[in-house]
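# Reading the structure
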Amino acid sequence: MSSYSIPGWAKDVANALRPGLHVVVTGISPSGNIHVGNLREVLVAEAVVNALKARGAEVRFVFHADTIDPLRKIAPDVPESFESYIGHSLSRVPDPKGCHVSYAEHFLDPFEDALKRMEMNIEVLRSHELYEGGFYTEVTREALEHTAELREILQEVSGRKMPEHWSPYLPRATSGQLAGARILEHIPEENKVVFADEDGWEEVADYARGEGKLGWRVELAARWKALGTTFEPFGKDHTSRGGSTDTADRMAREVFHYPVPGRYEYEWIQLKGRGAMSSSKGIVLLPKDLLKIMPPDALRQMVLGRDPARALDLDLEGGFPRFMDEYRASVEKDPVPFTHLVTVAQTVGTDVDAAAEMLRRGGYEAAARDREKLARELSYARIWAEEWAPESLRLRILDEDEAKEAASGLDADQRGYLAAVARELKEDLDGVAVQDLLYSTAVERGLKPKRAFAAVYTVLLGKKSGPKAGPFIAGLPVELVRERFSL
Ligand SMILES: [Zn+2]
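Source: prediction; values computed, not measured. (Residues numbered from 1 in each chain as written. Predicted model: local features only at pLDDT ≥ 70, side-chain atom pairs only at ≥ 80, totals over all residues. Heavy atoms only, no water.)

In this section: the overall build of the protein. A tally of regular secondary structure across the protein gives 22 helices and 13 strands. For 487 residues, the compact-globule estimate of 2.2 N^0.38 gives 23 Å, and the C-alpha radius of gyration of the protein, at 30 Å, exceeds that figure by more than 25%. C-alpha extents for the protein along the principal axes are approximately 95 × 50 × 35 Å. Within the span of the protein, comprising 487 residues, buried residues form 54% of the whole. Long-range pairs, those at least 24 residues apart, make up 68% of the contacts in the protein with a sequence separation of at least 6. Total accessible area computed for the protein in this model is approximately 22400 Å², and 48% of it derives from carbon and sulfur atoms. Taking the average location of the 63 positive side-chain charges in the protein and that of its 78 negative ones, the two points are 5 Å from each other. (Helix = DSSP H or I, 4+ residues; strand = E, 2+ residues; numbered from the N terminus. Rg over C-alpha atoms; globule rule 2.2 N^0.38 Å. Buried < 20%, exposed > 50% of the residue type's maximum accessible area, 1.4 Å probe, protein only. Contact = heavy atoms within 4.5 Å. Areas by Shrake-Rupley, 256 points an atom, 1.4 Å probe, with all protein chains shown as cover. Lys, Arg positive; Asp, Glu negative; His and termini not counted. Charge placed at Lys NZ, Arg CZ, Asp CG, Glu CD.)

In this section: helix 9 (residues 244-254). Buried within helix 9 are the following residues: Ser244, Thr245, Thr247, Ala248, Asp249, Met251 and Ala252. Residues of helix 9 that are buried in the fold lie against helix 6 (147-158), helix 7 (216-227), strand 9 (231-235), helix 8 (236-239) and strand 10 (262-266).

Turning our attention to the pattern of salt bridges. Pairs can form between side chains of opposite charge once their charged atoms are near each other. Per the counting criterion, the structure on display carries 31 salt bridges. Of the charged contacts in the structure, one is a salt bridge between arginine 396 and glutamate 402, with a shortest N-O distance of 3.0 Å. Residue arginine 396 is classed as partly exposed on the basis of its relative accessible area of 49%. For glutamate 483, the salt bridge identified is with arginine 484, shortest N-O distance 3.1 Å. Judged by its relative accessible area of 38%, glutamate 483 is partly exposed. Of the residues examined, arginine 484 reaches a relative accessible area of 6% and is grouped as buried. Each of Arg328, Glu332, Lys373 and Glu377 takes part in a single network of salt bridges with overlapping partners. (Salt bridge = Lys/Arg side-chain N within 4 Å of Asp/Glu carboxyl O.)

So, on to the coordination of the zinc ion. Around the zinc ion, the protein contributes the donor atoms Asp95 (OD), Cys99 (SG), His100 (ND1) and His106 (ND1), at 1.9 to 2.3 Å from the metal centre. All donors of the zinc ion come from a single chain, and their spacing in sequence reads D-x3-C-H-x5-H. Judged by its relative accessible area of 8%, aspartate 95 falls in the buried class. (Donors = N, O, S within 2.8 Å, 3.2 Å for Na, K, Ca; no water.)

What follows is about the sheet that holds strand 6 (residues 192-196). Sheets are built from strands paired through backbone hydrogen bonds, the pairs being either parallel or antiparallel. The three strands lie next to each other as 5-6-7, forming an open sheet whose pairing is antiparallel. Where the open sheet ends on each side, the last strands, each with one partner, are strand 5 (182-187) and strand 7 (202-206). Averaged over all pairs of adjacent strands, the angle between strand axes in this sheet comes to 25°, irrespective of strand direction. Two elements, strand 6 and strand 7, share five bridges in a ladder whose sense is antiparallel. Residue lysine 192 lies in a different strand from strand 7, and its bridge partner there is aspartate 206. (Pairing = 2+ DSSP bridges. Axes fitted to C-alpha atoms, helices over the stretch in contact; angles between N-to-C directions.)

Spatial ordering of the open sheet is given by 12-11-13, a layout of three strands whose pairing is mixed. The two strands at the open ends of the sheet, each matched to only one other strand, are strand 12 (275-276) and strand 13 (312-314). Sheet topology places strand 11 (residues 269-271) next to strand 13; three bridges connect them, and they run parallel. Opposite isoleucine 269, over in strand 13, you have leucine 312 as the bridge partner.

Bringing a negative patch on the surface into the picture now. The grouping of Glu185, Glu189, Glu190 and Glu202 at the surface amounts to a negative patch. Turning to its location among the elements, glutamate 202 is positioned in strand 7. Under the relative-accessibility criterion, glutamate 202 is labelled exposed at 62%. (Patch = residues over 30% accessible without salt bridge, like charges linked within 9 Å, V, L, I, M, F, W, Y side chains within 5 Å.)

A word on the side chain of histidine 128. Its location among the elements puts histidine 128 in helix 4 (residues 127-132). For histidine 128, a relative accessible area of 14% puts it in the buried group.

This part takes up the nonpolar core. Ranked by size, the top nonpolar core spans 103 residues in total, and within it Met294, Phe320, Ile473 and Phe485 carry the most contacts. Ranked by residues supplied to this core, first place goes to helix 2 (residues 36-54) with eleven residues. Each residue touching methionine 294, except ones within four places of it in the same chain, is listed here: Leu299, Met302, Phe320, Phe323, Met324 and Tyr380. Within the second largest apolar cluster, 37 residues are counted, among which are Tyr131, Val139, Ala222 and Val255. (Core = buried A, V, L, I, M, F, W, Y, C linked by side-chain atoms within 4.5 Å.)

It is worth spelling out the environment of threonine 26 at this point. Assignment of secondary structure puts threonine 26 in strand 1 (residues 22-28). Each C-alpha atom, one on threonine 26 and one on leucine 39, is 10.0 Å from the other, the two residues being 13 residues apart in sequence. Look past the residues within four positions of threonine 26 in its chain and what remains in contact with it is Glu41, Val42, Ala45, Phe61, Val62, Phe63, His64 and Ile122. Reaching out from threonine 26, the side chain makes a polar contact with the side chain of glutamate 41 at a distance of 3.1 Å. (Polar contact = N/O pair within 3.5 Å; in protein donor to acceptor, adjacent residues only side chain to side chain.)

Below, the discussion takes up the packing of aromatic side chains. The tally for this structure, following the rule as stated, stands at twelve aromatic pairs. Relative to tyrosine 136, the ring of tyrosine 131 lies with its centre 4.7 Å away and its plane at 50°, an arrangement referred to as tilted. Each of the two residues, tyrosine 131 as well as tyrosine 136, counts as buried. For the ring pair phenylalanine 338 and tryptophan 384, a centre distance of 5.6 Å and an interplane angle of 65° mean the geometry is edge-to-face. A residue pair is termed long-range when its members are at least 10 positions apart, and phenylalanine 338 in helix 13 (residues 338-348) and tryptophan 384 in helix 16 (residues 371-387) qualify at 46 residues. Judged by its relative accessible area of 1%, phenylalanine 338 is buried. For tryptophan 384, a relative accessible area of 0% puts it in the buried group. Members of the aromatic cluster, connected to one another through ring pairs, are Phe82, Tyr85, Tyr103 and Phe107. The aromatic ring of tryptophan 268 is capped on one face by lysine 236, whose charged end is 4.8 Å from the ring centroid. (Phe/Tyr/Trp six-rings, centres within 6.5 Å; stacked < 30°, edge-to-face > 60°. Lys NZ or Arg CZ within 6 Å of the ring centre and 35° of its normal.)

Here the focus is unusual backbone geometry. The backbone of aspartate 77 sits at a positive phi, close to 80°, despite the residue not being glycine. Despite not being glycine, aspartate 334 shows a phi value in the positive range, around 45°. Secondary-structure assignment places aspartate 334 in the loop between helix 12 (320-331) and helix 13. Using a relative accessible area of 64% as the deciding quantity, one classes aspartate 334 as exposed.

Spatial relationships are all this shows, so hold off on functional conclusions.
So, in structure tokens, the structure goes:
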């Protein structure tokens with residue numbers, strides 16, 4: 001279990017639930033990339049699970065992947081030819097990239113993998129397997145027997161007139177489509193429905209074997225009962241007035257005689273400058289992308305935000321170092337500032353020993369000791385620098401020719417200054433000592449510090465500014481700095 005502390009809102013939610021055994025459910029349709037906005041739902045549920053466990057409750061935590069759901073719209077990057085599978089169960093549509101057994105698995109697998117990497121203690125259920133295994137047989141029969149009441153609730157809540165032959169059950173036609181077919185007869189003792197297909201032919205579907213599914217709104221209420229759900233978070237698309245939770249609440253109480261589970265409404269996540277996360281619009285950030293730049297518990301903290309009932313604007317660019325500093329300050333003593341790690345990572349590449357040396361000289365003795373942790377942090381910092389960092393934080397030490405070219409733009413005072421620093425620079429100077437040397441040499445030579453430091457950054461990085469010069473230079477090989485300063 002995560003060491004991340006239980007947020008206050010999650011404790012409040014847990015305290016409002018009745019004592020005893022709990023089944024916390026979260027569900028997603030793997031119809032496209034399962035993004036960080038979807039992860040928010042799972043993390044809300046996880047936080048409530050942890051809060052319930054902290055109260056001593058026994059909890060089953062379920063991720064219900066809606067793999068039997070029909071394909072409604074093909075995801076971006078999926079070939080247009082897949083239009084022919086619209087209406088087919090995601091578990092029966094081929095993988096557009098050919099790497100998994102189905103369309104559903106192609107999108108579910110990376111998400112499940114991220115949950116594993118986050119060490120989330122969650123049971124992943126696939127709805128097509130539940131239907132095929134007979135898990136939903138009882139509630140499907142109940143729904144079919146109460147077709148008229150369910151239809152009435154749908155009409156009242158949504159304010160829309162339902163077709164006369166509306167059915168809570170969508171049998172799979174021979175074409176493979178889950179269509180709103182006209183049910184001609186229900187044979188409860190055989191778990192079968194007789195229905196008319198598109199051409200008017202009579203067909204039979206066995207609902208104990210997954211030969212169809214309940215329509216989404218009915219399924220939600222039926223699923224609560226079948227799983228014994230006591231808590232489920234929802235995004236605002238479901239909880240709007242007349243939306244799916246409104247209908248499911250009434251169906252649960254009036255038809256399935258099952259108490260409405262506890263609920264939490266979470267808001268959506270926007271990606272700064274790009275809009276709300278959405279698989280269908282292609283505004284997508286996957287959990288695995290974020291696990292490349294931060295540890296799992298930081299991801300939890302970032303995605304939940306202060307309060308998941310509020311919209312979140314994810315800033316992975318300029319605002320990210322501050323987030324990481326706050327996160328790290330909450331879990332460790334005196335962490336190295338993230339921007340310094342970014343400098344180190346870009347200076348030494350993957351050389352952990354060189355990074356440790358650079359940190360030691362920069363005055364971060366403790367961080368240099370745990371090499372495994374350091375290697376991880378360097379990797380986060382390096383990938384962030386490559387993929388997200390603003391230009392001002394991107395660094396690359398110039399090679400000799402580039403440095404010569406850059407140095408040619410300096411005046412005689414600046415060159416004289418660099419040469420003087422080079423003569424005094426020694427192997428054992430730490431970051432503070434180098435900073436003093438850079439500053440005092442400028443003062444002694446009557447050179448304005450701003451121009452002095454600009455000269456330093458110019459020959460090393462080809463820029464007029466950069467990371468704090470003392471610790472940065474102290475971390476570089478002395479020979480290299482001497483050479484660059486004497487061009
Ligand atoms: Zn695949």
